[in-house]
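Coordinate analysis (summary)
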Amino acid sequence: MSQDSAEQFAQQLSELRQGIDELDSQLVELLAKRAVLAAKVGDIKAKTGMPIYVPSREASMLEDRQRQAESAGVSPSLVEDLLRRIMRESYHIQNNRYRCANPDVKRIVIIGGAGALGSVFVGLFTRSGYQVDILEKEDWSDAERLFSRASLVLVSVPINLTVDVISKLKALPEHCILADITSIKNKPLAAMMAVHSGPVVGLHPMFGPDAPGMIKQVVVVCHGRGNETYDWLLQQMQIWGANLIETSAQKHDKAMAFIQVMRHFNTFVYGAHLAGENPDLMQLTQLSSPIYRLELAMVGRLFAQSPNLYADIIYNNPENFALLRRFHERFGEALVLLEQGNKAEFIRQFNEIGDWFGDYAKTCLVDSKQLLLKADDNQMLRSVQPPPKE
């Protein structure tokens, strides 16, 4: 290529890039305008009590824009990705004020409200117009006065303290709702039913304190007593954007053994093995494809959080130990296949397990694709960013 041709191409490339930069700038301006409209929508929702997240509205909008994209020769999946990210930001913009589902509620007391998850509920109730009192262990001398005017007492303390704290709640008004947000439900719910004759409900928010709110978050509801009395509380969480799933305390704890206990313990052992083998983590991430980086990130995420929380989840129920022992036995059986070189049996079992998962496995394959693309984008961005200054 001659020097003149190279300069000509360089000029054309520069002009095209300038055009792209101008369009990108217009996109930012459009996003700013959209954010203003989203904030106004949030104001209307707060006044009317409409939930922040309306699945039918989101699905309809995505479908319309995907059809438009296809007609315009733009990838529908690209438009879906962009809109989902934009809508998530819009929900956060609207996460400032909510309608109060029950203005007759006088006071709410959150035991442990200064804690990580408790403070999330303090913020949500406060932004909904409720008067909230926080009760910590140093405030128990004032507990009777706070309880006497409470319409709701919400227990948000570490798992190993929950039942003991509940046992102290013997002076609640009969009309007061007693609820907890512990990640186990059978023992706390039984304790609440025993100590309080009024309405009782067990709640398990399936999210951590780093979540900005309840939008699209699952909250498990285990009914205790007086459903009609605490119906406003469930409505309030739906206004906050929560997806409520109702089940019994027994079924909840059994499911959590698979959802939380097995996952956390397996991750703990994986992390322990990595620490024992001491590989170069930076090299592992550099050599990994998106799915392996994501899996490694989930391991690292565990060890950036409270060890007491995960220890309480795992150690709370002795039945968890039996489940983990069975997992250990199956791991050993799979290792025997490897040592015997029995590849045919491994493949047979692989297919048998695949049949058990059925269509869910194919759904996971599709759903995980977007996660892996996002993980790949993030990794590429980090690889081109300069290292932090000393």
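Cut-off values and rules
Residues numbered from 1 in each chain as written. Predicted model: local features only at pLDDT ≥ 70, side-chain atom pairs only at ≥ 80, totals over all residues. Heavy atoms only, no water. Helix = DSSP H or I, 4+ residues; strand = E, 2+ residues; numbered from the N terminus. Buried < 20%, exposed > 50% of the residue type's maximum accessible area, 1.4 Å probe, protein only. Contact = heavy atoms within 4.5 Å. Areas by Shrake-Rupley, 256 points an atom, 1.4 Å probe, with all protein chains shown as cover. Axes fitted to C-alpha atoms, helices over the stretch in contact; angles between N-to-C directions. Parallel < 35°, antiparallel > 145°, perpendicular 65-115°, else oblique. Left-handed = near helix turned anticlockwise from the far one by under 90°. Nonpolar A, V, L, I, M, F, W, Y, C, P; charged D, E, K, R; others polar. Salt bridge = Lys/Arg side-chain N within 4 Å of Asp/Glu carboxyl O. Pairing = 2+ DSSP bridges. Phe/Tyr/Trp six-rings, centres within 6.5 Å; stacked < 30°, edge-to-face > 60°. pLDDT = per-residue confidence, 0-100. Core = buried A, V, L, I, M, F, W, Y, C linked by side-chain atoms within 4.5 Å. Disulfide = S-S within 2.5 Å.

Some remarks on the overall build of the chain
- Counting its secondary structure elements, the chain contains 15 helices and seven strands.
- Seen through its C-alpha atoms, the chain measures out along the principal axes to roughly 90 × 65 × 50 Å.
- Looking at the chain as a whole, 34% of its 390 residues are labelled buried.
- In the chain, 67% of the contacts between residues at least 6 apart in sequence involve partners at least 24 apart.
- As displayed, the chain offers around 24,600 Å² of accessible surface, 58% of which is attributable to carbon and sulfur atoms.

Section: the packing of helix α9 (residues 249-277) against helix α12 (residues 307-315)
- In the contact formed by α9 and α12, the axes pass within 9 Å of each other and the chain directions differ by 120°. When the interaxial angle is binned, α9 and α12 end up oblique. The interaxial crossing formed by α9 with α12 has left-handed handedness. Here Q260, V261, H264 and F265 of α9 lie close against α12, whose contacting residues are Y310, I313 and I314.
- In terms of residue class, the contact of α9 with α12 is made up of five nonpolar, two polar and no charged.

Here we look at the pattern of salt bridges
- In this structure the tally under the stated criterion is twelve salt bridges.
- When the shortest N-O distance is used, the salt bridge between R84 and E58 registers 3.2 Å. Here E58 lies in helix α2 (residues 55-71) and R84 lies in helix α3 (residues 76-93), a separation of 26 residues in the sequence.
- When its relative accessible area of 35% is taken as the criterion, R84 is described as partly exposed.
- The exposure class assigned to E58 is buried, which follows from its relative accessible area of 5%.
- The shortest N-O distance in the salt bridge between R85 and E89 comes to 3.6 Å. Of this pair, R85 and E89 are both found in helix α3, four residues apart, which corresponds to roughly one turn of the helix.
- When its relative accessible area of 38% is taken as the criterion, E89 is described as partly exposed.
- A single salt-bridge network, built from bridges that share partners, covers E58, E80, R84 and K216.

With respect to the sheet that holds strand β5 (residues 200-205)
- One open sheet holds the seven strands; their spatial order is β2-β1-β3-β4-β5-β6-β7, and the pairing between them is mixed. Of all strands in the sheet, those with a lone pairing partner are β2 (132-135) and β7 (243-246), marking the two edges. Strand-to-strand twist in this sheet, taken as the mean axis angle between neighbours without regard to direction, amounts to 25°.
- Bridge count between strand β6 (residues 218-225) and β7: four bridges; the pairing is parallel. The residue of β7 that forms the bridge with V219 is L244.
- Taken strand by strand, helix α7 (residues 186-195) contacts β4 (177-180), β5 and β6, and its axis lies near 155° from that of β5.

With respect to the side chain of S90
- Topologically, S90 is positioned in helix α3.
- Owing to a relative accessible area of 8%, S90 belongs among the buried residues under this scheme.
- Filtering out sequence-adjacent residues up to four positions away, S90 remains in contact with R34 and A38.

Side note on the packing of aromatic side chains
- Using the criterion set out here, one finds ten aromatic pairs in the structure.
- A centroid spacing of 5.6 Å and a plane angle of 35° characterise the contact between Y130 and W232, whose relative ring orientation is tilted. In this pair, Y130 sits in the loop between α4 (116-127) and β2 while W232 sits in helix α8 (residues 231-239), placing the two residues 102 residues apart along the sequence. For the pair shown, Y130 and W232 are each scored as buried.
- Pairwise contacts between aromatic rings join F125, Y130, W232 and W240 into one cluster.

Let's talk about the confidence of the model for the chain
- Of all residues in the chain, 94% have pLDDT values of 70 or greater, and the mean over the chain is 89.
- Within the model, pLDDT remains below 50 along residues 384-390, and this stretch shows zero contacts once partners closer than five positions in the same chain are excluded.

Re the nonpolar core
- Within the largest apolar cluster, 43 residues are counted, with the highest numbers of intra-cluster contacts made by F121, F125, L203, M214, W232 and M237.
- Leaving out residues up to four positions away in the same chain, M237 has contacts with L203, M214, V219, A242 and L244.
- In terms of nonpolar packing, the next biggest core, distinct from the first, is built from 24 residues, I111, V157, L189 and C222 among them.

A look at the state of the cysteines
- For the coordinates displayed, the defined rule picks out zero disulfides.
- As a non-bridged cysteine, C176 has C100 as the owner of its nearest cysteine sulfur, 16 Å distant.
- Owing to a relative accessible area of 0%, C176 belongs among the buried residues under this scheme.

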